[in-house]
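# Analysis of the macromolecular model
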There are 4 protein chains.
Amino acid sequence: MELFDNINPIDFRYYGRNTSAFEKLNKYLSEKAFISYQLKVELALVKVLSEKGICDKSVYTETKKAIDKVSAEEVYKEEDRIHHNIRALVNCIRKNISDKAKPFIHFTATSYDIVENANSLRYKDVAENVVIPDLLELEKTLIELAVREKNTLQIGRTHGQHAEPITFGFTISGYVSRLGNRIKSIKASTDNLRGKFSGAVGCYNASGLFFKDPEEFEKAVLKELDLKPCLQSSQIAEPEHITDFIHSIISGYSVLANIADDMRNLQRSEINEVAEIFGKKQVGSSTMPHKRNPINFENVKSMYKEFMPRIITRYLDQISDHQRDLTNSASSRFIPEIIAAFVLSVNRLNKIMSKLVVDKDSLNKNFEKNKNMIAAEPAYILLAAHGHPDAHEYIREKTLESGKTGTKLNELLSSDSSVKKYLEKFTKEQIKILENPGNYTGIAAKKTEKVCDYWKKELNL
Amino acid sequence: MELFDNINPIDFRYYGRNTSAFEKLNKYLSEKAFISYQLKVELALVKVLSEKGICDKSVYTETKKAIDKVSAEEVYKEEDRIHHNIRALVNCIRKNISDKAKPFIHFTATSYDIVENANSLRYKDVAENVVIPDLLELEKTLIELAVREKNTLQIGRTHGQHAEPITFGFTISGYVSRLGNRIKSIKASTDNLRGKFSGAVGCYNASGLFFKDPEEFEKAVLKELDLKPCLQSSQIAEPEHITDFIHSIISGYSVLANIADDMRNLQRSEINEVAEIFGKKQVGSSTMPHKRNPINFENVKSMYKEFMPRIITRYLDQISDHQRDLTNSASSRFIPEIIAAFVLSVNRLNKIMSKLVVDKDSLNKNFEKNKNMIAAEPAYILLAAHGHPDAHEYIREKTLESGKTGTKLNELLSSDSSVKKYLEKFTKEQIKILENPGNYTGIAAKKTEKVCDYWKKELNL
Amino acid sequence: MELFDNINPIDFRYYGRNTSAFEKLNKYLSEKAFISYQLKVELALVKVLSEKGICDKSVYTETKKAIDKVSAEEVYKEEDRIHHNIRALVNCIRKNISDKAKPFIHFTATSYDIVENANSLRYKDVAENVVIPDLLELEKTLIELAVREKNTLQIGRTHGQHAEPITFGFTISGYVSRLGNRIKSIKASTDNLRGKFSGAVGCYNASGLFFKDPEEFEKAVLKELDLKPCLQSSQIAEPEHITDFIHSIISGYSVLANIADDMRNLQRSEINEVAEIFGKKQVGSSTMPHKRNPINFENVKSMYKEFMPRIITRYLDQISDHQRDLTNSASSRFIPEIIAAFVLSVNRLNKIMSKLVVDKDSLNKNFEKNKNMIAAEPAYILLAAHGHPDAHEYIREKTLESGKTGTKLNELLSSDSSVKKYLEKFTKEQIKILENPGNYTGIAAKKTEKVCDYWKKELNL
Amino acid sequence: MELFDNINPIDFRYYGRNTSAFEKLNKYLSEKAFISYQLKVELALVKVLSEKGICDKSVYTETKKAIDKVSAEEVYKEEDRIHHNIRALVNCIRKNISDKAKPFIHFTATSYDIVENANSLRYKDVAENVVIPDLLELEKTLIELAVREKNTLQIGRTHGQHAEPITFGFTISGYVSRLGNRIKSIKASTDNLRGKFSGAVGCYNASGLFFKDPEEFEKAVLKELDLKPCLQSSQIAEPEHITDFIHSIISGYSVLANIADDMRNLQRSEINEVAEIFGKKQVGSSTMPHKRNPINFENVKSMYKEFMPRIITRYLDQISDHQRDLTNSASSRFIPEIIAAFVLSVNRLNKIMSKLVVDKDSLNKNFEKNKNMIAAEPAYILLAAHGHPDAHEYIREKTLESGKTGTKLNELLSSDSSVKKYLEKFTKEQIKILENPGNYTGIAAKKTEKVCDYWKKELNL
């Protein structure tokens, strides 16, 4: 099958043709990788069996050599013949070892003693080696941007309406904090990925035939794989550790989607505060050559919409009849795709955010637009604090008047004798803010730094 | 990239290695197919332009030859260079034609004038040539099974509890009817797949430069593709026709899932009324060689759990900012996978259901288990009909007594003088049913036939 | 329990305190209404029984009087005692009738013969009397707005970027068409709501004891309720008709959400093309008295986010073990809430859209912003049509130059001798468009009218 | 509005009429409770203001008295007038205090400084006082059941097929462990519920007018409420803490759903290993008086299907434009319902599981059914361990033979000279297991105890 015979866009488009993504992800998330992880688990078993004296050391040496010869193609061919994927894997190993060694391949194991551990291990590896490092890169990019722009005045927006002033760095620091938080969450759920080696129904029925303490045997096998066992398992591991892992990724994906939405809104023709960098040869539109579309931000949002709902499958897969049914088997084969999509979006976002064009002219122009009205909040609060009994309503009406007449709110207040006695109590600093609402940014810059410092330390950046 | 470098299990496992599925689906759902459909749309445009005298007939002839030379690989390579997929496609065509012809490729079109039509067309083609015919095969299989087993006594189950008698054929006729209904729904949503050729924002701005009635031009282009235009469109077609199409598939998938669940429950060790046929060389379990697992039914359910939640993406994709944003672009590339998964499950289910083992001994044994209690319903109803003022409560207590003492309900009634006067009014037929509840199947057989006949006619089977 | 003891915001806030919504919806969607619909079904049964001579006419007369006395409170109290809701309902009716009549209440029926019909009927009633009429009101509002503003120039936006000119009426006509389409879809799914009266497992086991053709009996009962039976049923009706009904509502909700998103984006401080009308006493923000937030549009989107995912429950409820399990019982009790929420959003949107403030100054100002660049598309297309071999690339570069230098694209072209030979071929009209891109609206106005006329006719407005 | 005028079944049925649930949940989850928590937050603010010397101590005393007089009804009435819920609340407080005190109500706060804290606090309170204690009750019930039945032989089931023996206590211990794990997860997400008091856009713009270190002021206010602030906030708190909280509940709900599914399957007529206790007056079915349906287990599953998909809303609500849009406002009002539904299901499950009927006769009868075949796994493994080169295939064929001929697997082996040399090496204990597979339960009992002990300690039960 050729690349473009594929149906899934991750395969033929986003990962399959993306050299850097392919190299990063192939060794964990491809089917080839899955089979090679399964072989690792089978080998770990033989190793422990030989150490425990159940079989000869040579069985381990033989197996170690044998598994290098097993290819995904071969395993699939054998599966075609016998219709059982793990038994096929076992047969492929056994083909390459002596009769004496044969019985110890897959000894006392059930298929999911292999599958669960192979999956937990590769998810752990890809999280530790790719997902988290790439998220840290994005976090670093955001921190740099936030710190650089910590004093860049921006009008804060609520409901899409101009609200109170902030700085652009402060805006970014919000993502720094939320993403930092999700990185911690992904780390925690990764650390909690578990294994199992308790046999067909979880009672160690088979291993109990040979070991006095089969839980100790389980621990030993999993230790080879750097995994800890579930406290309890049936044919399958407790599914919750996987649900938590995917939840941490999807809730992180929501943060990416929020960044993407905000940026493409700030890139609107009328707002224009930021822009994706645009290649010289890049075509904006097939018919409108002048367009500079936020296509990368749009792609991140679009991938999010595709992958977010898949959490539903994870919850449904927590439910398995009795000691398990197999209705989580095909569905769990789609988990690697979620991880791949997330990594692709993290990388894409990092690339755009690290070169984000910040247009200070537009930031200023937008701020100026409602500058006058912005004084409303401090005016109302200061009036109230200095004793005005109904400051909120008073200012609400004055802003309506200001809106109608065009007279600045500031001037309306100065010329209204009814509030004179309160205005006299204002400090110079307070008056400055009324006169120049650009100063009304609270602790935006300081907070930006604080948040960035916190996450730099917390995440060892 | 090799097959097992893929991440998505449809690609590397369920479709990619399944010759029959591959042959069926590749020409509609692969990326290669998508590009070839896009070329068809570009050609249709040129054809109409030449017919309308906007360009020379030779432009059409040139283009017709040119598009045969364009490969997916080439288009992707060009996209790498200019970062725009449809402009890349256009460039690849233009490379192979004369300067004179060049301007008429993609003339007045926006990218989505190509993409929307290519998608609607391939979805229509795959639905008409694969999805619906394969569903009809499954429907035929179910009808045969239903008719064959229309008189096979089965205990009806509600809440997993034995309720009233039915026949196994009647059970199957329930799926016949629901699936038939979904086939109609898929047909209707397929027929309603629409196209558009209204330019970048839907006002025919560009085509309006050359045509007095650009809607007539749109219709002409779409007629070449056997598509009808949306009544209104923006840069994109009205998204609802796609949502409806996917809804019809997913609600059909729910019916498959219901069949799969029922069958795997009827295959439980304790129930054993049906079984998947089992290959001679097939391995039931890697450690429990005696197992005969309903793995195909489990696979259908598992795939359903993976694909059902993706309707959420379709609803989200109905929302697009103003004349459209691009956040439906990546996500809509995953639609073909839903169709592929559905077809795979339909085929799998057809294969198992056509060879389903129906175990009449078990059906009878299960029926016998609560045969005595089954008389409760007709007993209560007949008592009531013949004048007993509180028949339901009376029978409820008698069944409790029957359960405790083991005496048959029938005998408890005969020996209770308080109900004698009612029992005397019973007809012979009514008494027969109390004595042999196996006769209490209502119109199960007749209804089975009626339902099957209805759908055979309705679907021209 | 007091109103504010409730937990659900529909109950205590959006419907419970909204007199007009309450009056509209209470009689179909409240629990009180549900019970009264169940009583209607029980009465229809008795009516047919008396007509068929199974019981005396007086039984019907008695029952008709009796059901008026049954209250929801009473039924619930009886359910507390016997733990079965429909048997409780039956007991409450029986309490008020003679011993002779008692047996014929619920005669041969299973609970879901009552529940399914009561639900189908009230959903049908609420759809026909509220959902569809209210949607038609909204459609009328949108049509009026579209027609009124059919010539109001607006810059079309794709990717949030200025694209090609349209008119504001044309924008609205897009919603007219999509909503019209959804109204048709809701009508169709409403017409297809089905009933059943086939007993505990669907074989007419009980009714078959008394009727030669129990399907005819079923039809007669349902005819009393103006419902048609499912072709096949088990204990429950085929669930697909409900899934289709809810799908039609939710996909309609997505259209509302799209309108809401677009409007709140157009209301952004920087864009300002539309605004929600704002009450004189209304408070925009608790601390920022100048804010005019699009809170109604935000509410519609928010409700959509709450209710859209509930389609998942409907798909899951399509699956029921064998002749049914009860796991669709509690969940289906939440369906009325989806309908209520949708109606509330339709009404809210109608209210705002009917008073929508359209700010023509802002529309013009926004259009002017990139007016110069807008000529790019017609320029490139006309150049191409008149023989320029690489018009798209040529114009792409010229727009970059125009962006950098500030010189109008138009002027750049006039002063470039390399394109002179093409420009000379332009018609006067074509040149007009290059000079004043405000003319480049294609058939916006005409299409707006056409779409509105179509839906006025199609929906009998 | 009367109870049965409500539309939502939580309100009119599951909580509204359930005295114990009502008493538990009303004070946290009703709208009344929400408003009273908002008042608490407003009071905490005034308290800190008075402590910091911004206002007089008497303002606090006045306010403390005033808030007791504010009712939900009153706040709603005021909201009707001014269309802003928090400003309405503020007005209601202000009505009851002196002019001097008035300005300090809501001083420097934005609405969401009140709303976010009120919600975090009531969610925390309900989690700590109801959700977690009730879960612990259920956990205790499960532990008691597991320990009591730790030696009760049960056939383990995979794919619905008889697999290897376990004990019923071991089955239950699987739920003990998974639920224990979810309780920990809910505890952790509860502890992480956060507050904010950073003003309209998160920069402390208003509070910064009066406090040198407004973050310290924020901390002080939140300390009054026993909450910690988010590291960063905009108008709203970082939404992830809520998503995590709901995820922990929903993934816990999946465990309940798994228990419910397993139990209702074990209650099937053919399996009959467990049963819900059944009231004396309880009606099993309106037409089938003998039915004993697992209606409570079915209810738990049904509620799960209704509430599980609502996680989608939480992910969507993580996305808010810029410093926030209001599209999370209506939707977040539905969160209390998720908590209520979960508690109701926990209580229901606890009630049934604490009185679960365990039928040892059926357990034994089911075990006996395939007892002979069960020896297959130990037989194959022991043969392999003792040197048989192809034990799995050998046993697979013997079980097929045993199935066909009815001869016990054990006897087939003894009479087959080809395996004699391996069988001679078996220990007495190993032979015992082949002869009586009821001994082949591994460490089921020991593991059950271990798991239960672990969670008793871990959760301080």
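Remember, it's a predicted structure, so these values are computed and weren't measured experimentally. (Residues numbered from 1 in each chain as written. Chains lettered and ligands numbered in written order. Predicted model: local features only at pLDDT ≥ 70, side-chain atom pairs only at ≥ 80, totals over all residues.)

Attention now goes to the overall build of chain A. Within chain A, the regular secondary structure consists of 22 helices and six strands. Computed over its C-alpha atoms, the radius of gyration of chain A comes to 30 Å, more than 25% above the 23 Å expected for a compact globule of 461 residues. Expressed as a percentage of the 461 residues in chain A, the buried residues total 68%. Considering only contacts in chain A between residues 6 or more positions apart, those separated by 24 or more positions represent 75%. (Helix = DSSP H or I, 4+ residues; strand = E, 2+ residues; numbered from the N terminus. Rg over C-alpha atoms; globule rule 2.2 N^0.38 Å. Buried ≥ 20, exposed ≤ 12 C-beta atoms within 10 Å, placed from the backbone. Contact = placed C-beta atoms within 7 Å.)

A separate point is the interface of chain B and chain D. Note on interface size: it is often stated as the accessible area lost on association of the parts. Facing the 34 residues of chain B at the interface are 35 residues of chain D. Elements with a minimum of two residues in the side of chain B that touches chain D: strand S2 (161–167), helix H10 (240–266), helix H15 (360–369), helix H17 (376–385) and helix H18 (391–405) of chain B. Each residue belonging to the side of chain B that touches chain D can be placed in one class, and the counts come to ten nonpolar, 14 polar and ten charged. (Nonpolar A, V, L, I, M, F, W, Y, C, P; charged D, E, K, R; others polar.)

The side chains of a regular strand alternate, first on one face of the sheet and then on the other. Residues and elements named next belong to chain A. With six of six residues buried, strand S1 (residues 153–158) is to be regarded as a mostly interior element. Here S1 runs beside strand S2 (residues 161–167); their pairing, made up of five bridges, is antiparallel. Considered in S2, the bridge of Thr-158 is made with Gln-161. Adjacent in sequence and paired antiparallel, S1 and S2 are bridged by two residues, among which His-159 carries a positive phi angle near 60 degrees. (Pairing = 2+ DSSP bridges.)

Residues and elements named next belong to chain A. According to the domain assignment, chain A contains domain 1 (28–104), domain 2 (111–281 + 290–365) and domain 3 (367–458). When each unit is reduced to the centre of its C-alpha atoms, the spacing between domain 2 and domain 3 is 41 Å. Each partner contributes to the interface: domain 2 provides 23 residues, whereas domain 3 provides 20 residues. Where the side of domain 2 that touches domain 3 is concerned, the elements lending two or more residues are helix H7 (111–148), S1, S2, helix H8 (168–191) and helix H15 (360–369). Per-element accounting of the side of domain 2 that touches domain 3 gives the leading share, six residues, to H8. Across the side of domain 2 that touches domain 3, the residue classes break down as ten nonpolar, nine polar and four charged. (Domains from an automatic or database assignment.)

Once that is clear, we can look at the relation of the copies chain C and chain B. Laying chain C over chain B is done by rotating through 180 degrees and shifting 0.0 Å along the axis; what remains is an RMSD of 0.1 Å. Expressed as a symmetry operation, the mapping of one chain copy onto the other fits a two-fold axis. The rotation axis passes nearest to the C-alpha of His-247 of chain C in chain C, at a distance of 3.7 Å. Both copies share a contact surface, since 100% of the interface residues of chain C are interface residues in chain B too. (Least-squares fit on C-alpha atoms with pLDDT ≥ 70 in both.)

This next bit is on the environment of Phe-22 of chain D. All names here are of chain D. Take Phe-22: it is sitting in helix H2 (residues 19–29). Sequence separation between Phe-22 and Asp-11 is eleven residues; the distance between their C-alpha atoms is 9.5 Å. Setting aside chain neighbours within four positions, we find Phe-22 in contact with Tyr-15 and Gly-16.

This part takes up the environment of Tyr-380 of chain D. Along the polypeptide, Tyr-380 of chain D turns up in helix H17 (residues 376–385). When the C-alpha atoms of Tyr-380 of chain D and Thr-158 of chain D are compared, they prove to be 19 Å apart, with 222 residues separating the residues in sequence.

The next subject is the packing of H7 of chain A against helix H14 (residues 335–354) of chain A. All names here are of chain A. It is the contact of H7 with H14, at a shortest axis distance of 9 Å, that shows an interaxial angle of 25 degrees. Relative to H14, the element H7 lies roughly parallel. Classified by chirality, the crossing of H14 by H7 is left-handed. Each of Val-126, Val-130, Val-131, Asp-134, Leu-135, Glu-137, Leu-138, Thr-141, Leu-142 and Leu-145 in H7 lies in contact with H14, whose residues at this interface are Ile-339, Phe-342, Val-343, Val-346, Asn-347, Leu-349, Asn-350, Met-353 and Ser-354. A per-class count over the contact of H7 with H14 returns 13 nonpolar, four polar and two charged. (Axes fitted to C-alpha atoms, helices over the stretch in contact; angles between N-to-C directions. Parallel < 35°, antiparallel > 145°, perpendicular 65-115°, else oblique. Left-handed = near helix turned anticlockwise from the far one by under 90°.)

A positive phi is found at Tyr-204 of chain A, a non-glycine position, where the angle reads about 60 degrees. Residue Tyr-204 of chain A is classed as buried on the basis of its C-beta count, with 27 C-beta atoms lying within 10 Å. For Asp-226 of chain B, which is not glycine, the phi torsion reads 60 degrees and is therefore positive. Using a count of 11 C-beta atoms within 10 Å as the deciding quantity, one classes Asp-226 of chain B as exposed.

Between chain B and chain D, which share one sequence, the superposing operator has a rotation angle of 180 degrees and an axial displacement of 0.0 Å; the RMSD is 0.1 Å. Of the interface residues in chain B, 100% have counterparts in chain D that sit at the interface too, so the contact is made through matching surfaces.

The next point concerns the interface of chain C and chain B. Listed per partner, the contact involves 81 residues of chain C and 81 residues of chain B. Contributions of two or more residues to the side of chain C that touches chain B are made by strand S1 (153–158), strand S2 (161–167), helix H8 (168–191), helix H10 (240–266), helix H12 (311–317), helix H17 (376–385) and helix H22 (444–458) of chain C. In terms of residues, the side of chain C that touches chain B owes the most to one element, H10 of chain C, which gives twelve residues. Each residue belonging to the side of chain C that touches chain B can be placed in one class, and the counts come to 36 nonpolar, 30 polar and 15 charged.

Moving on, we get to helix H22 (residues 444–458) of chain D. Residue and element names in this part refer to chain D. Its 15 residues give H22 an end-to-end C-alpha distance of 21 Å, which sits within 8% of 21 Å, the value for a rise of 1.5 Å per residue. Burial in H22 covers these residues: Ala-444, Ala-445, Lys-447, Thr-448, Val-451, Cys-452 and Trp-455. Around the axis of H22, the buried residues are gathered within 165 degrees of arc, so they sit on the same side. For H22, the exposed residues lying more than 90 degrees away from the buried face are Asp-453 and Lys-457. For H22, the secondary structure elements touched by its buried residues are helix H7 (111–148), strand S2 (161–167) and helix H8 (168–191). (Expected span 1.5 Å × (residues − 1). Arc of directions from axis to C-beta.)

Residue and element names in this part refer to chain A. Where helix H5 (residues 72–82) contacts helix H6 (residues 85–94), the axes come no closer than 8 Å and their chain directions differ by 120 degrees. Between H5 and H6, the interaxial angle falls into the category oblique. Relative to H6, the crossing made by H5 is right-handed. In this structure, H5 contributes Glu-74, Val-75, Glu-78, Glu-79 and Ile-82 to the contact, and H6 contributes Asn-85, Arg-87, Ala-88, Leu-89, Asn-91 and Cys-92.

Let us now look at H2 of chain D. All names here are of chain D. Burial in H2 covers these residues: Lys-24, Leu-25, Tyr-28 and Leu-29. Burial along H2 is one-sided: seen end-on, the buried residues are contained in an arc of 90 degrees. Pointing more than 90 degrees away from the buried face of H2 are the exposed residues Thr-19 and Glu-23. Looking at the buried residues of H2, the elements they touch are helix H3 (31–51), H7 and helix H14 (335–354).

So, about the confidence of the model for chain A. Across chain A, the average pLDDT comes to 94, with 97% of residues at 70 or higher. Of the two predicted TM-score estimates for the complex, the pTM is 0.96 and the ipTM is 0.95. (pLDDT = per-residue confidence, 0-100.)

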